[in-house]
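Observations on the model geometry
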Amino acid sequence: MRYMLPVFLLLSSLTISDAYAVGGVYYPVLTKGDSDLKSGNDFSNQAIADAMYKKRLFPDAFTNLGSGDIYYVIGDNFDSISVFNLSMDQYIESWDLENSNYNTINLAGEEMSAEEAIEGAHGYDYAPFSNPSALVATPSPIVLMNRADNTAHGCFQLYPLRYGDIDGDGKPELVLFIGSTWIVFSPTLKKVIFETQWKQLDVLTDAEVARWGFKHDAPGDPQYVAKSGTDRLVQAVFPARRAYAKLYFGDFDGNGKSDILMWRKAYQSRLNSDSVKGYKLIGEALVQYELENGIYVKQDTASATVKGWLASKNLTWQQGYPNVSECAGEAGKPIPETVDPLLNDPDVLQ
């Protein structure tokens, strides 16, 4: 049983904005739905939320796509999308997000640092990956929201439900930040049309390291400690890992179909014996998804080809989505964690 570390992650309602294109690259503009996760824990329109409560819908976020009485609702379990007709005071239907049948793509290097030890301790067979840059498909790895993480990594989770035209067809899709997972849901097709995990974190804070009593001051110990080592049957120090993804939108191969390009990077803590402070890059891949029958489908395109498309458009790591933070004091600036100099990767600084 191989699994990825559960990681925790994406203004009031505005009118819908048209996406725009610059140099052949498509930039979808997302509008935030109403949310009770923001400061104050209140909805901007509490009357609509109260109407939902009466029908035993318990929203954490909702939107009507800019107008009308049909509202799309994310409840407090973050595992489904429900539809509510406000004028009729009626629940209509819902869709399960945990069983969307959409495979997300991660790097082998994103697996938990203590994976082998955990598998063995729990009696499972472990087959190691030989290439950290290998791509691994994971079915619907949705991770529930951790509200304690609301003020980190861009703060997108304060507004987990948004909408905008992702595929350029003039119709809005629902866009969700749930945990580490970024989901595009089509109200027209009533299904998930794209899903990825935009960050993976297997790292303890200094305070957590102290709380667990982990010692890692020997030369061969990692500078940063993995959270996965806290497994109840393992309780040991392993090197921390961090991974991030960036997305790019447009028709990059010129065939008239909408593409999403994904650039993934995985990092692992350096050892204390290393003269360089921080992390090292252990895995990297670039992936093309193309719109087929309304769903983004992974293509067998080489990473070098995808990287060439980005270079031809002068697109850098920092320009990939998500790129600017929404946290207080950081708004409009690059997300600090994704451009951290401690990653020791020249790409993230451009």
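Refer to the structure printed above.
First, a word on what this report is: a plain description of the structure on this page. (Residues numbered from 1 in each chain as written. Predicted model: local features only at pLDDT ≥ 70, side-chain atom pairs only at ≥ 80, totals over all residues. Heavy atoms only, no water.)

1. Overview of the pairing of strand β19 (residues 295–298)
Going by this rule: When DSSP finds two or more bridges between two strands, those strands count as paired. Note on conventions: DSSP H or I runs of at least 4 residues are helices, E runs of at least 2 residues are strands, and numbering of each starts at the N terminus.
Pairing of strand β18 (residues 279–292) with β19 involves 4 bridges; the strand directions are antiparallel. In the sheet register, Tyr289 faces β19, and the bridge partner there is Lys298. Connecting the antiparallel pair β18 and β19 is a turn made up of 2 residues, with Asn293 showing a positive phi of about 55 degrees.

2. Digging into helix α1 (residues 46–54)
Operational definition: Buried residues are those whose accessible area, probed at 1.4 Å on protein chains only, stays under 20% of the maximum for their type, while exposed residues exceed 50% and partly exposed ones sit between those limits. Working note: the arc is built from the helix axis to C-beta atom directions. We call two residues contacting when some pair of their heavy atoms lies within 4.5 Å.
For α1, the set of buried residues is Ile48, Ala49, Ala51 and Met52. Down the axis of α1, the smallest arc covering the buried residues is 155 degrees, so these residues share one side. Opposite the buried face of α1, at more than 90 degrees from it, the exposed residues are Ala47 and Lys54. Elements in contact with the buried residues of α1: β5 (59–63), β6 (70–75) and β7 (80–85). Following α1 by one or two positions, Arg56 has its phi on the positive side, about 60 degrees.

3. Remarks on the packing of aromatic side chains
Defined as follows: Side-chain rings of Phe, Tyr and Trp, where Trp is taken by its six-membered ring, are said to pair if the distance between their centres is within 6.5 Å; with planes under 30 degrees apart they count as stacked, over 60 as edge-to-face, and otherwise as tilted. Only when the NZ of Lys or the CZ of Arg is both within 6 Å of the ring centre and within 35 degrees of the ring normal is a charge said to sit over the ring.
Inspection of the entire model under this criterion finds 18 aromatic pairs. Pairing Phe194 with Tyr296 gives two aromatic rings, centres 6.1 Å apart and planes at 80 degrees, and the pair type is edge-to-face. Note that Phe194 is positioned in strand β14 (residues 191–197) and Tyr296 in strand β19, a separation of 102 residues in sequence. For the pair shown, Phe194 and Tyr296 are each scored as buried. Pairing Trp212 with Phe214 gives two aromatic rings, centres 6.2 Å apart and planes at 15 degrees, and the pair type is stacked. Residue Phe214 is classed as buried on the basis of its relative accessible area of 10%. Here the guanidinium or amino end of Arg242 rests over the ring plane of Tyr279, the centre of that ring lying 5.0 Å away. A cation over a ring is seen here: Lys265 above Trp317, with NZ or CZ 5.8 Å from the ring centre.

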